[in-house]
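Structural characterization, general
Here is what each chain is made of, one letter per residue.
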Amino acid sequence: MEKNKVTVALSGLNNIDSPGPGIPVIRGLKESRRFDVRVVGLAYENLEPGIYMHELVDKTYKVPYPSDGVEPFLERIRYIHEQENIQVLVPNFDSELFTVMKSEKILQEMGIRTFLPTLQQFEERHKSNLPEYGKKYGVKVPFSEPILSFQEWLGIEEKFDYPVVVKGKFYDAYIAYDREQVSIYFNKIAAKWGLPIVIQQFVKGTEVNVVAMGDGRGNTVGAVPMRKTYITDKGKAWGGITLQDPEMMKLTDKIISQTRWRGGMELELIRTAKEELYLIEINPRLPAWVYLAVAAGQNLPEALVSLALGQEVKPFHDYAVGKLFIRYSYDMICDLKSFEQFSTKGEL
Amino acid sequence: MLKLKSNVAISESGFVFDAGTGDSFSLNATGLEIVQLIQAGKDFPEILKILSEKYEVDPESFERYYYDFVATLKQMNLFVHHGEE
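As the structure is a computational prediction, the values presented were derived from the model and not from experiment.

1. Some details on the overall build of chain B
In terms of helices and strands, chain B carries three helices and three strands. Of the regular secondary structure in chain B, the N- to C-terminal order runs β-β-β-α-α-α. Here the C-alpha atoms of chain B give a radius of gyration of 13 Å, agreeing with the 12 Å that 2.2 N^0.38 yields for 85 residues. Taken along the three principal axes of its C-alpha coordinates, chain B extends 35 × 30 × 20 Å. Residue burial in chain B is summarised as follows: out of 85 residues, 40% are buried. Taking the intrachain contacts of chain B between residues at least 6 apart in sequence as the baseline, contacts between residues at least 24 apart amount to 42%. Summed over all atoms, the accessible surface of chain B reaches about 5400 Å², with 53% contributed by carbon and sulfur. A gap of 3 Å separates the mean positions of the 7 positive and 14 negative side-chain charges of chain B.

2. Focus: the environment of Leu292 of chain A
All names here are of chain A. Mapped onto the fold, Leu292 is located in helix α10 (residues 290-295). Along the sequence, Leu292 and Val211 sit 81 residues apart, while their C-alpha atoms lie 9.4 Å from each other. Discounting chain neighbours no more than four positions away, the residues touching Leu292 are Met226, Gly240, Ile241, Thr242, Lys323, Leu324 and Phe325.

3. Focus on the sheet that holds strand β7 (residues 173-176) of chain A
Picture the strands of a sheet paired through backbone hydrogen bonds; they go either parallel or antiparallel. Residue and element names in this part refer to chain A. Ordered by their spatial adjacency, four strands build an open sheet running β5-β8-β6-β7, and the pairing between neighbours is antiparallel. Only two strands of the sheet have a single neighbouring strand rather than two, namely β5 (144-147) and β7. Adjacent strand axes in the sheet meet at a mean angle of 25 degrees when their direction is disregarded. Note that strand β6 (residues 164-167) and strand β8 (residues 197-201) share four bridges and pair antiparallel. Bridge pairing in β8 links Val165 to Gln200. Against the sheet, helix α8 (residues 179-193) engages β5, β6, β7 and β8, with an angle of about 170 degrees to β7.

4. What about the domain arrangement of chain A?
Interfaces are often described in size by the accessible area the parts lose on coming together. Partitioning chain A into domains gives domain 1 (4-114 + 331-345), domain 2 (144-201) and domain 3 (204-326). For domain 1 of chain A and domain 2 of chain A, the distance between their C-alpha centres works out to 33 Å.

5. Describing a nonpolar patch on the surface
Residue and element names in this part refer to chain A. On the surface, a nonpolar cluster with roughly 340 Å² of combined accessible area is contributed by Leu47, Leu336 and Phe339. Position of Leu47 relative to the elements: it lies in the loop between β2 (35-43) and β3 (59-62). Residue class for Leu47 comes out exposed when judged on its relative accessible area of 65%.

6. Re the environment of Tyr65 of chain A
All names here are of chain A. Relative to the helices and strands, Tyr65 is located in the loop between β3 and α2 (70-84). Spatially, the C-alpha atom of Tyr65 lies 17 Å from that of Thr344, the residues being 279 residues apart in sequence. Setting aside residues no more than four positions away along its own chain, Tyr65 makes contact with Tyr44 and Glu45.

Calculation rules
Residues numbered from 1 in each chain as written. Chains lettered and ligands numbered in written order. Predicted model: local features only at pLDDT ≥ 70, side-chain atom pairs only at ≥ 80, totals over all residues. Heavy atoms only, no water. Helix = DSSP H or I, 4+ residues; strand = E, 2+ residues; numbered from the N terminus. Rg over C-alpha atoms; globule rule 2.2 N^0.38 Å. Buried < 20%, exposed > 50% of the residue type's maximum accessible area, 1.4 Å probe, protein only. Contact = heavy atoms within 4.5 Å. Areas by Shrake-Rupley, 256 points an atom, 1.4 Å probe, with all protein chains shown as cover. Lys, Arg positive; Asp, Glu negative; His and termini not counted. Charge placed at Lys NZ, Arg CZ, Asp CG, Glu CD. Pairing = 2+ DSSP bridges. Axes fitted to C-alpha atoms, helices over the stretch in contact; angles between N-to-C directions. Domains from an automatic or database assignment. Patch = residues over 30% accessible without salt bridge, like charges linked within 9 Å, V, L, I, M, F, W, Y side chains within 5 Å. Salt bridge = Lys/Arg side-chain N within 4 Å of Asp/Glu carboxyl O.

Written out as structure tokens, the structure reads:
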């Protein structure tokens, strides 16, 4: 089968100890049987490793932070589009999703397709809205409350039992065993990611995850459940294994069909000793371990690009159980010239 | 009767993989033999008979080792609980 040429721009090239999903998504796209992909990287920092991984990323452009606002972002995308003729844009960070979703129409007019959750889907699955989400869709979620100050915590502390999980708006989560630790983590996360901070009741059990994709019409395009077998001090998976778990698949189907989820997602779940599944988070994008799903037989990045292009995608029904991933670090050697070029010109 | 969960796979080398939890364990040759007998639906008296004929072991010691081993397997959550499957 002849492959269709497609230019895909994507972010998340920070393939570091707490990696963004960019490189794993690209690996999936490069293995696509449908597409011959030209990869245009979008980077925020000069030292994101993906910028220098030329075997995977054809060209990278520096882009402004989402916090700079929609206009600077669109202006930069317009320029990149003039150079590259981007067909599909895949934002891989939670923090940039809002900006891209807000710009979806303008991007479409420019000829750039995306396949993202709707604003409503994005908003209602926020960590701070999770209890209502659980009620609305009949999913077990741990009790949680958003707070804007540590003083506020003192007012609601008695509703919780220690330990609790202190969570940032987008990233970071710490288990706090007493009031003092809540205060420390509150300040630490608020300084980095802003407010609100979400306090979630800690649920004891095994953390399991599902990477999945919804077609926006209530159908699950693909889903692969995984258990982290090695977790870093930042809580990231350094190793994982695909599972055979009908209950996790049922829950995923239920969430996707009820919310008519559109795009990639990661469900973070806790399985208790009583075999109950608690939903602790929904990440509205493909996770950094998505290449495990590709290796297990579900090329979800390819499906995402197909859906963005308006093509029909046959749902995946199978995947290999017991497929492992083990992350590793690798010292890539780069020329100063390359670093200089990206630092000064914002392109490489 | 003890019954291994359907998603527990045991290789000939004694590698045990629980596809539901992702856990894996290694059995030694004797452990593997016992698990295979359990898998074949044998109960304790039958397993005792088979292994006593094969190995030099007195029934009292074997019983102790057997139930200790089975308790470990239960702790690893490898058996079907009552009412499941």
